[in-house]
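Next come the chains, spelled out residue by residue.
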Amino acid sequence: MTEEEWLACTDVLAMMFFLRGRASERKLGLFRCASHRRDWYVQQNAACLWAVEVLERHFDGQGGDEWKKADDVLRGLPAATWSQDLEAAFLRDLRCIAGNPFRTRSIGPAVLAWDGETAVRLAQAIYEERAFERMPILGDALEEAGCVEEVMLAHCREKEGHVRGCWVVDRVLGRE
């Protein structure tokens with residue numbers, strides 16, 4: 001897949017196939033969790049929500065062997081029926097997590113250190129609290145700190161489609 005094909009692609013499975021071996025296990029796992037979170041809201045399945053939360057902790061390097069039971073719960077769920085609206089949401093989630101795998105965006109240490117590490121503290125709170133509605137505030141802080149990465153700033157200012165594992169939040173926090 002070329003960069004142009006990636007940017008135009010609307011096939012989530014093709015994009016996932018492309019990311020195998022390129023994206024970290026954490027990134028792919030968090031996409032799976034985001035997908036199942038959407039299933040939970042549709043299906044009102046409390047066991048799925050528990051399993052997703054356990055797996056998210058696992059992909060963040062927290063927790064013990066409980067993730068194996070959680071993984072079994074999710075594997076036992078029926079496959080989601082993807083309507084066009086739901087598929088579009090999965091596509092937004094994947095793009096939020098993977099960004100553009102052909103271009104690595106970096107944030108300089110001065111931007112991260114600016115104003116007592118304001119951007120880092122904001123990103124950590126967004127991640128921990130799932131407060132993705134605060135992404136525009138993170139974008140403003142990054143810009144004020146001197147970040148000139150237009151793609152990064154534009155992603156922060158998108159009104160929806162942010163999930164745990166967001167490529168911008170991960171870059172600010174130094175995660176892969």
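The rules behind each value
Residues numbered from 1 in each chain as written. Predicted model: local features only at pLDDT ≥ 70, side-chain atom pairs only at ≥ 80, totals over all residues. Heavy atoms only, no water. Helix = DSSP H or I, 4+ residues; strand = E, 2+ residues; numbered from the N terminus. Contact = heavy atoms within 4.5 Å. Expected span 1.5 Å × (residues − 1). Buried < 20%, exposed > 50% of the residue type's maximum accessible area, 1.4 Å probe, protein only. Phe/Tyr/Trp six-rings, centres within 6.5 Å; stacked < 30°, edge-to-face > 60°. Lys NZ or Arg CZ within 6 Å of the ring centre and 35° of its normal.

It is worth spelling out unusual backbone geometry at this point. One non-glycine residue, Asp 115, adopts positive backbone phi at about 50°. Relative to the assigned elements, Asp 115 resides in helix H7 (residues 109-129). The backbone of Glu 117 shows a phi angle near 60°, a positive value even though the residue is not glycine. Here Glu 117 is to be found in helix H7.

Quick look at the environment of Gln 124 now. For Gln 124, the location among the structural elements is in helix H7. When the C-alpha atoms of Gln 124 and Leu 173 are compared, they prove to be 7.0 Å apart, with 49 residues separating the residues in sequence. With near-sequence residues (within four places) excluded, Gln 124 lies in contact with Leu 173 and Arg 175.

So, on to helix H4 (residues 46-59). An ideal rise of 1.5 Å per residue puts 20 Å on 14 residues; H4 measures up with 20 Å between its terminal C-alpha atoms. Every buried residue of H4 is accounted for by Cys 48, Leu 49, Ala 51, Val 52, Val 54, Leu 55, Glu 56 and Phe 59. Once H4 ends, the next one or two residues include Gly 61, with phi positive near 80°.

Right, let's talk about the packing of aromatic side chains for a bit. In total, this model carries two aromatic pairs according to the counting rule given. Ring plane angle 45° and centroid distance 5.8 Å describe the contact between Trp 6 and Phe 18, whose orientation is recorded as tilted. Taken together, the residues Trp 6 in helix H1 (residues 3-8) and Phe 18 in helix H2 (residues 12-19) connect sequence positions 12 residues apart. Accessibility expressed as a relative area gives 0% for Trp 6, which makes it buried. Judged by relative accessible area, Phe 18 falls into the buried class, the value being 9%. Residues Phe 18 and Phe 102 carry aromatic rings whose centres are separated by 5.4 Å and whose planes lie at 20° to one another, so their mutual orientation is stacked. Taken together, the positions of Phe 18 in helix H2 and Phe 102 in the loop between helix H6 (84-98) and H7 put the pair 84 residues apart, joining distant regions of the chain. Relative accessible area serves as the criterion here: at 33%, Phe 102 is assigned to the partly exposed category. Residue placement shows Arg 22 over the ring face of Phe 18; its charged tip is 4.0 Å from the ring centre. In this structure, Arg 164 is placed above the aromatic ring of Tyr 127, and the distance from its NZ or CZ to the ring centre is 4.4 Å.

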